[in-house]
Amino acid sequence: MAAPMERVIKQQTERSTFKTTSFQKKTRSKLLSIPGTRPSVQNGQLLVSSGVTSLDFLLGGGLAVGTVLLIEEDRYDSYSRVILKYFLAEGVVCRHRLFVAAAQENPDDILQELPAPILDDVAIPKPVEQPRLPCESQESLDSMKIAWRYQNLPKVQTALVSSSRFGHYYDVSKTMEPEIRQAAKSHCFYLPDHPQKTSNTHSQFLGPYSALLKSLQEVIRQEGFEVAASMSNSQNPNVLRIGLHSLGSALWGDDLCCSDSPEHRHSLVTFLYGLRALLRSSLAVAVITLPSHLIQDRALMGNITRLSDYSIALESFKGSERETNPLYRDYHGLLHVRQVPHLNCLASQLPDHKDLAFKLKRKQFSIEFHPVKSHVESTG
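These remarks concern the structure in this document. (Residues numbered from 1 in each chain as written. Predicted model: local features only at pLDDT ≥ 70, side-chain atom pairs only at ≥ 80, totals over all residues. Heavy atoms only, no water.)

**Quick word on the environment of Ile 83**
Rules: A run of H or I in DSSP becomes a helix once it reaches four residues, and a run of E becomes a strand once it reaches two; helices and strands are each numbered from the N terminus. Burial classes: relative accessible area under 20% of the type maximum marks a residue as buried, over 50% as exposed, and values in between as partly exposed (1.4 Å probe, protein chains only). When checking whether two residues touch, look at their non-hydrogen atoms; a contact exists if any pair is within 4.5 Å.
Its location among the elements puts Ile 83 in helix α3 (residues 79–93). Ile 83 sits in the buried class, given a relative accessible area of 3%. Distance from Ile 83 to Ile 71, taken between C-alpha atoms, is 8.8 Å for residues 12 residues apart in sequence. Residue contacts for Ile 83: discarding those within four places in its chain leaves Ser 50, Leu 55, Ile 71, Leu 314 and Phe 365.

What follows is the structure, encoded as structure tokens:
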């Protein structure tokens, strides 16, 4: 009787063991963990900071990876250029890859003008003052103080530990140190370095835009920024930040700003089609500045806006009556939110207030609600 009983107990033990090991808890898919990014609380989309915390708040928490932000330049391209530099500087601090394209100024010069980060979040311990012994000389005490100072000075690598946080602040009056700037890998596209062949005048795609899109495709493919390649790659994935300065201007060979009926009216639209298709399957985000005040065809400008995911416009007070108006003395211009995407949701998260003004301080570019504008328009 002992043998059959032992056999039954052994069978029951094997069954119970099989049941416990066959149970698997259903878990959610793992999100990509990239420094300087976070998932959106609204739709779970991976976000990066624009470098301006108040702008991130207006756009729903940040810029979604795989999207395009269009900035309509102010008349003197002063503040739109500042936002572009903030966007690139945030990428340097977060160790993201950069791609900068320009037709007038060398992209290397733009990178050298990036604002210096304010890394106040790095804790620097202060030495505790010890009671001075009577036998200690003044020289030994001074040498100890100097040693403490050098010991607690943050190195470049230590300062960049703060890249794990989302969004930083920058001092516009200072430029970024070369050690920090050179730590981030960047790709530059300077149009004069890419001579264009004479193309067909009836072509819908200008040579400069075609070369720019081809260069972007090569960087994304070779550097492994495609989503499929990033998921299968064992190395740490990264984000490519793309900054395109003053597209649509005559410097790019485009006549959008030079004629009421431009000959190449569909060239920039075709480029934006290709860019959006490329970014949708890549770990990349683009910021484009555009001199919209020079484009006469408003229907074409509407198509350009709709082909972007985010769209904002800057209206500077410089050279206008509002510059001397005491009602606007605390601000440098107005900001208009043209478009915010609705990704993975039915409705987009538009800001509560449309009367927005911006001001550029020495250490901060801030966007605030401006009730004076709405009050003047309602009483006028």
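Next comes the rest of the account.
**What to know about the state of the cysteines**
So the rule is basically this: Cysteine sulfur atoms are paired as a disulfide whenever they come within 2.5 Å of each other.
Enumeration according to the criterion identifies zero disulfides in this entry. Of all cysteine sulfurs, the one in Cys 257 lies closest to Cys 258, which takes part in no disulfide; the gap is 6.2 Å.

**Observations concerning the pattern of salt bridges**
One side chain can pair with another of opposite charge once the charged atoms of both are near each other. Inclusion rule: Put simply, a salt bridge is a Lys or Arg side-chain nitrogen that is within 4 Å of an Asp or Glu carboxyl oxygen.
If you walk through the whole model with that rule in mind, you get 11 salt bridges. As a salt-bridge pair, Glu 105 and Arg 81 come within 2.2 Å of each other at their nearest N and O atoms. Residue Glu 105 is found in the loop between β5 (97–102) and α4 (107–112), and its partner Arg 81 is found in helix α3; the two are separated by 24 residues along the sequence. According to the relative accessible area criterion, Arg 81 is buried, its value standing at 15%. Among the salt bridges present, the one from Glu 223 reaches Lys 185, with a minimum N-O distance of 3.3 Å. Of this pair, Glu 223 sits in the loop between α8 (207–222) and α9 (227–232) while Lys 185 sits in the loop between α7 (178–181) and β8 (186–190), and the two are 38 residues apart along the sequence. For Lys 185, a relative accessible area of 41% gives the class partly exposed. Residues participating in the shared-partner salt-bridge network are Arg 81, Lys 85, Glu 105 and Glu 113.

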